[in-house]
Amino acid sequence: MSSIRPYRASALLAIFAVAACHSASDGLPGDPADHRPWNGIAVTETVHFVGTEPFWGGQVASSRLTYTTPDNAEGETVPVTRFAGRGGVSFSGKLSGGAATLAVTPSACSDGMSDTGYPFTVTLQIGEETRQGCGWTDRSPRTGSN
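Here the structure is a predicted model, which is why all the values come from computation and not from measurement.

1. A short note on the sheet that holds strand 1 (residues 47-51)
Strand order in the closed barrel formed by 8 strands is 1-2-3-4-5-6-7-8, with antiparallel pairing between adjacent strands. Between one strand axis and the next, the sheet turns through 30 degrees on average, direction left out of account. Across 5 bridges, strand 2 (residues 56-61) lies against strand 3 (residues 64-69) in antiparallel orientation. In the sheet register, Gly57 faces strand 3, and the bridge partner there is Thr68.

Put into structure tokens, the structure is as follows:
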């Protein structure tokens, strides 16, 4: 295993940590003078996520991430750690495909296949692979044809 590989799973975490040092022109949500962690998703909320090409999804609840695919509808559930930066929240753990980080940021999102709108954009990195998708919670629900 390369000495660089452990850092790849935490690359998205670094984005959130560095975000607190940038100016308002960087386009990050919130007040740039406010260095508190983003609180748009409470620790107690369940985060649901979906993606296409290939189809994938799941949820994060109670420090556990469940990742599903059409080939594994029951999913794989693993423990994760939560990190809240100024621009969103991320969850890191290890799936059978490798180190995994799910980054959730407040931004309107479309799955590209329906009229459903989502309040969060998600980026899922599993090992060397990065996937883009959308997310929602009960407090910030998806809209349209669910």
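2. Structural notes on the confidence of the model for the chain
Taken over all residues, the pLDDT of the chain has a mean of 84, while the share at 70 or more is 78%. Every residue in residues 1-25 scores below 50 in pLDDT, and together they form 34 contacts with partners more than four places removed in sequence or on other chains.

3. Section: the pairing of strand 6 (residues 98-110)
Two faces belong to every sheet, and in a regular strand the side chains alternate between them. Taken together, the 7 bridges between strand 5 (residues 88-95) and strand 6 define a ladder with antiparallel strand orientation. Within the sheet, the bridge partner assigned to Ser90 lies in strand 6 and is Ala103. A loop of 2 residues connects strand 5 with strand 6, the two strands running antiparallel in sequence. Note: strand 6 against strand 7 (residues 117-126), 9 bridges, orientation antiparallel.

How each quantity is defined
Residues numbered from 1 in each chain as written. Predicted model: local features only at pLDDT ≥ 70, side-chain atom pairs only at ≥ 80, totals over all residues. Heavy atoms only, no water. Pairing = 2+ DSSP bridges. Helix = DSSP H or I, 4+ residues; strand = E, 2+ residues; numbered from the N terminus. Axes fitted to C-alpha atoms, helices over the stretch in contact; angles between N-to-C directions. pLDDT = per-residue confidence, 0-100. Contact = heavy atoms within 4.5 Å.

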